[in-house]
Structure formats: structure tokens, C-alpha cells
Amino acid sequence: MLALGGTIGAPVDAAGSNSTLRVDAADLVATLGIGAETVRLEPETFRRVMSADIGWDDVTALAERIRSLSRDGVDGVVVTQGTDTLEESAFLLDLLLDVAIPVVVTGAMRNPGRAGADGPANLADAIRVACSAEAVSAGVLVVMAGSIHRARTVQKTHTSSLGAFASHAAGPVGSVTESRVHLRWSSASRAPTWTPTSSAAPRVTLLRLSLGDDPAVIDAVTGLDPDGLVVEVYGAGHVGARCVEALSRAADRMPVVFCSRTGAGALYRTTGDYPGSEGDLLRRGLIPADHLDGLKARLLLMAVLASGVRDRVRIAAAFDDIAST
Ligand code: ASP
């Protein structure tokens, strides 16, 4: 069990806020009521940070730690962290890891000092999933509020609800009831994983377009010369006609991926054929992210670029691969 911090491990101070980070992994495990006869837990405090402070380096180091634990023969790994960026680190781990053990990420919406704190239940469920044979080839999973989600599909969809984590289009792949793990999973459908060739994080900017947006902002971002750009566009893949030239200029200089800002559903490819439509963006060399949202599309583009792939066709193939799994 690798603890990174966040609300699940943040004790409340006198004012009821969770600004301090003192609970370590062993303290978290002590809250569980899962006996040593059931599972032998090895808690490790990997980082003590709120999840907004987790970066590419932390997640790549975490992936390395999980690989080494897997080589050492552990049967499963549970990661605890703050929920704010949990969907991103889980997805990036899923892109980077190819280990034959369950890897389960969890957190808590309510800190340990609040009535109905969900950390212990989420952690106990996550440990059960990490012990289950069905989770071995499931890719990275997120367990929250009794549901099991693929890292590939899960999103944080609410600021404070205990049921904040959802997989809109696909639904959860399983549940934990009492101590029983129910997982519907076909191991045949794993997308390839990525192996960064350098430790430096590629600079990929995520831009969300909005009503009446100014193409000068796209040009300004392009002028910063990032390694890639991800744009969250309207609906099934549309931008205002005024933005098309700026996006075209960006796509001439770097990979530009477009995805929907709606939060669920795959992009169209053949329906719209007018300036700013998905057909127009495809013709101008923008790469469709299919059903991935901006957060996940950015991480996939980063993982692909970090692995030394620069070619537009191969980048597009990476997005198609993930769409088919
Ligand atoms: N601010 C916290 C974090 O993401 C919130 C949480 O853990 O739910 O680190």
C-alpha cells in the first residue's frame, strides 16, 4: 500500500480543515478492521502531498516503485491519494504499467475527522479488489464508494459527494459488496502501455474552447512552443470558424489533439463538413481523441511523446488503440 497524501490521510485541525498532512500509511491501515489473517499489508508513505501538487515525476516514480514491488513478488498494490487529480494519476499509471498484479487507486471525499468519513471503507474495498484474482489483468482500477472503475474511463464528477467518481459512458466495471468483489472484465482488451525514454515531462497544454473564444489565445499558446496541444472543443468535435486557422497553424508546428468538452461520448468523424466541423479539423491534421476527455487525452499525448513517438500517424494510432479497448 503506497500512500501519497490527500484527504484520506489528512487529520482535521481544531478548525475542522484538513490542512495538515501527518497521517502515514500505517495509521491509515490501522483504521480498517481487515485482519492480518486475511491479508498481509505493507504500508509505505510514498509522498505527503495534496493531489494538486502531484506531477509527472511523482507518477513516473510511482510506476517505477510498483514495477519493483511486482518484481519483489507482492500480490497487489493499493495507492491512496487526494481525489482532485486521482483520475489523472490512475490513468497515467495505466498507460505506463504492464505488471501482472492488480493496481488499485483510492482516496476519500471526507477527511477522517468528519462524520461519515469514507476513507476506511474505500481503503478496505480497494484492498479487497487488490487481492482478487479477476483484477490481475484488469489494468489500473479506481475503487470509490463501493464501485470499481477502470482508470481508462473514471472521472471526478462532483466537488463533495461520496459518489463523486463515475464512468459516465461505460459505467463501473464492478462493485464491492460486503467483502465480495464482483468484477466484469475481459483481459483481452488492454491497450499497449508506454515506456518513456527520458525523465523530462513533455510540455503539453490543455485548452478549453468556449463561447465567443478568441483565436489569439490559441496563437499565444502555440507561440510558447509546447511539445503538443490538446483542445477541448464543442460537442462531437466542433470549433467556431474563427478558430480554425489558428488551430491549423498550431497543427503545422506540433501534434494537436482535439476532444469533446462535454465529458462523455466519442467524437464524430463523418457527420459535419463545414468550417470548424470535425471533418474540417481532421483535414487540417488535428488528431481526434475519440472518447477521451481533455485530462486523459493530454496524459496519453504526454506518454506517447515521452516514449519518443513524434509521427502524427502513429500518435493518431495510439488514440485509436485506446478507443478500441
Ligand atoms: N484536496 C484534496 C486532494 O486532492 C482533496 C481530496 O483528497 O479529496 O489532495
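Up top is the structure.
All figures in this text were calculated on a predicted structure; none of them were measured in a lab.

A few words now on the site of the ligand. Near the ligand you find Gly6, Thr7, Met50, Ser51, Gly82, Thr83, Asp84 and Ala108, and these make up its full shell. Residue serine 51 places a side-chain N or O atom 2.5 Å away from an oxygen atom belonging to the ligand. Within the backbone of alanine 108, an N or O atom sits 3.2 Å from an oxygen atom of the ligand. Burial of the ligand by the surrounding chains reaches 85%, relative to a free accessible area of 260 Å². A class-by-class count of the residues in the shell around the ligand yields 2 nonpolar, 5 polar and 1 charged.

What follows concerns the packing of helix α2 (residues 56-71) against helix α3 (residues 86-96). At a closest axis distance of 10 Å, the pairing of α2 and α3 adopts a crossing angle of 50°. Judged by the angle between their axes, α2 and α3 are oblique. Here the hand of the crossing between α2 and α3 comes out right-handed. Mapping the contact onto sequence places Trp56, Val59, Thr60, Leu62, Ala63, Ile66 and Arg67 in α2 and Ser89, Leu92, Leu93 and Leu96 in α3.

A separate point is the sheet that holds strand β5 (residues 141-144). Backbone-to-backbone hydrogen bonds pair the strands of a sheet. The strands run either parallel or antiparallel. Strand order in the open sheet formed by 8 strands is β2-β1-β3-β4-β5-β6-β9-β10, with mixed pairing between adjacent strands. In this open sheet, the two strands that pair with only one neighbour each are β2 (44-45) and β10 (180-183). One ladder, built from 2 bridges, connects strand β4 (residues 103-106) with β5; its direction is parallel. For valine 104, the partnering residue across the bridge sits in β5 and is leucine 141. With respect to the sheet, α3 is in contact with β4 and β5, its orientation differing from that of β4 by roughly 170°.

As a further point, take the sheet that holds strand β12 (residues 228-233). Strand order in this open sheet of 4 strands is β11-β12-β13-β14, and the pairing throughout is parallel. In this open sheet, the two strands that pair with only one neighbour each are β11 (204-208) and β14 (287-288).

Think of a ball as big as a water molecule: rolled over the atoms, this probe shows where empty space is left. Considering only enclosed or pocket space, the largest pocket measures out at about 400 Å³ in volume. Lining the largest pocket we find 18 residues, and of these Arg40, Glu42, Val74, Asp75 and Gly76 sit closest to its centre. For the lining of the largest pocket, the secondary structure elements donating two or more residues are α2, β3 (77-80) and α4 (119-130). The class makeup of the residues in the lining of the largest pocket is 11 nonpolar, 2 polar and 5 charged. The computed volume of the second largest pocket comes to approximately 280 Å³. What lines the second largest pocket is a set of 20 residues, and nearest its centre among them are Arg152, Thr153, Ala169, Gly265 and His291. Its residues placed into classes, the lining of the second largest pocket shows 6 nonpolar, 10 polar and 4 charged.

To continue, consider empty space enclosed by the protein. Tallying each qualifying case throughout the model produces 3 cavities of 30 Å³ or more. Reported here for the second largest cavity is a volume of approximately 50 Å³. Among the elements that make up the lining of the second largest cavity, the one with the highest residue count is helix α9 (residues 312-323) (3 residues). Here the residues of the lining of the second largest cavity sort into 7 nonpolar, no polar and 1 charged.

Turning our eyes to something else, we now look at helix α8 (residues 294-306). Along its 13 residues, α8 runs 18 Å from first to last C-alpha, staying within 8% of the 18 Å computed at 1.5 Å per residue. Here α8 lies mainly inside the structure; 11 of its 13 residues are buried. Those residues of α8 that fall on the buried side of the exposure criterion are Gly294, Lys296, Ala297, Leu299, Leu300, Leu301, Met302, Ala303, Val304, Leu305 and Ala306. Between the side-chain oxygen of the N-cap and the backbone nitrogen of leucine 295 there are 3.3 Å, and the N-cap of α8 in question is aspartate 293.

Once that is clear, we can look at the environment of serine 199. When you line up the elements, serine 199 lands in the loop between β10 and β11. Taking relative accessible area as the criterion, serine 199 reaches 64% and is therefore assigned exposed. Considered as a pair, serine 199 and alanine 236 are 37 residues apart in the sequence and their alpha carbons are 35 Å apart.

Residues other than glycine seldom take positive phi values, yet aspartate 225 does so here, at roughly 60°. Mapped onto the fold, aspartate 225 is located in the loop between α5 (215-223) and β12. A relative accessible area of 45% places aspartate 225 in the partly exposed class. Even without glycine at this site, aspartate 290 takes up a positive phi of about 55°. Tracing the backbone shows aspartate 290 in the loop between β14 and α8. Its relative accessible area of 16% is what places aspartate 290 among the buried residues.

Calculation criteria
- Position numbers for residues start from 1 in each chain and track the written sequence from start to end.
- Since the coordinates come from a predicted model, pLDDT governs what is reported: local features require at least 70, and pairs of side-chain atoms require 80 or more to be given and counted, while whole-chain, interface and lining totals use all residues.
- Heavy atoms from the whole structure form the basis of all side-chain values; hydrogens and water molecules are not counted.
- The near set for a molecule or strand comprises every residue that places at least one heavy atom within 4 Å of it.
- Here a polar contact is taken to be a pair of N or O atoms separated by no more than 3.5 Å, where protein atoms must pair a possible hydrogen donor with a possible acceptor and residues adjacent in sequence count only if both atoms sit in side chains.
- Here the open area of atoms and residues is found with the Shrake-Rupley method and a 1.4 Å probe, where only the protein chains shown may cover a residue.
- Here the term charged refers only to Asp, Glu, Lys and Arg, the term nonpolar to Ala, Val, Leu, Ile, Met, Phe, Trp, Tyr, Cys and Pro, and the term polar to all other amino acids, Gly among them.
- Axes here mean lines fitted to C-alpha atoms, for a helix over just the part in contact, with angles spanning 0 to 180 degrees between N-to-C directions.
- By the criteria applied, helices consist of DSSP H or I runs no shorter than four residues and strands consist of E runs no shorter than two, each listed in order from the N terminus.
- An angle below 35 degrees is read as roughly parallel, one above 145 as roughly antiparallel, one from 65 to 115 as roughly perpendicular, and any other as oblique.
- Crossing chirality is assigned from the near helix's rotation relative to the far helix, an anticlockwise turn below a right angle marking it left-handed and a clockwise turn marking it right-handed.
- Any two residues whose heavy atoms approach within 4.5 Å at even a single point are treated as in contact.
- Should DSSP find at least two bridges between two strands, the strands are regarded as paired.
- A cavity here means a set of points on a 1 Å grid, drawn over the protein atoms and nothing else, where a 1.4 Å probe fits but cannot get out; a pocket is an open set with protein on both sides within 12 Å along at least five of seven lines, and a residue lines either one if it has an atom within 4 Å of a point.
- Grid points are joined across faces, edges and corners, and a volume is the space filled by probe spheres set on the points.
- In this scheme, a helix's expected span is set at 1.5 Å multiplied by one less than its residue total.
- With a 1.4 Å probe rolled over the protein chains alone, any residue whose accessible area is under 20% of its type maximum counts as buried; one over 50% counts as exposed, and the rest are partly exposed.

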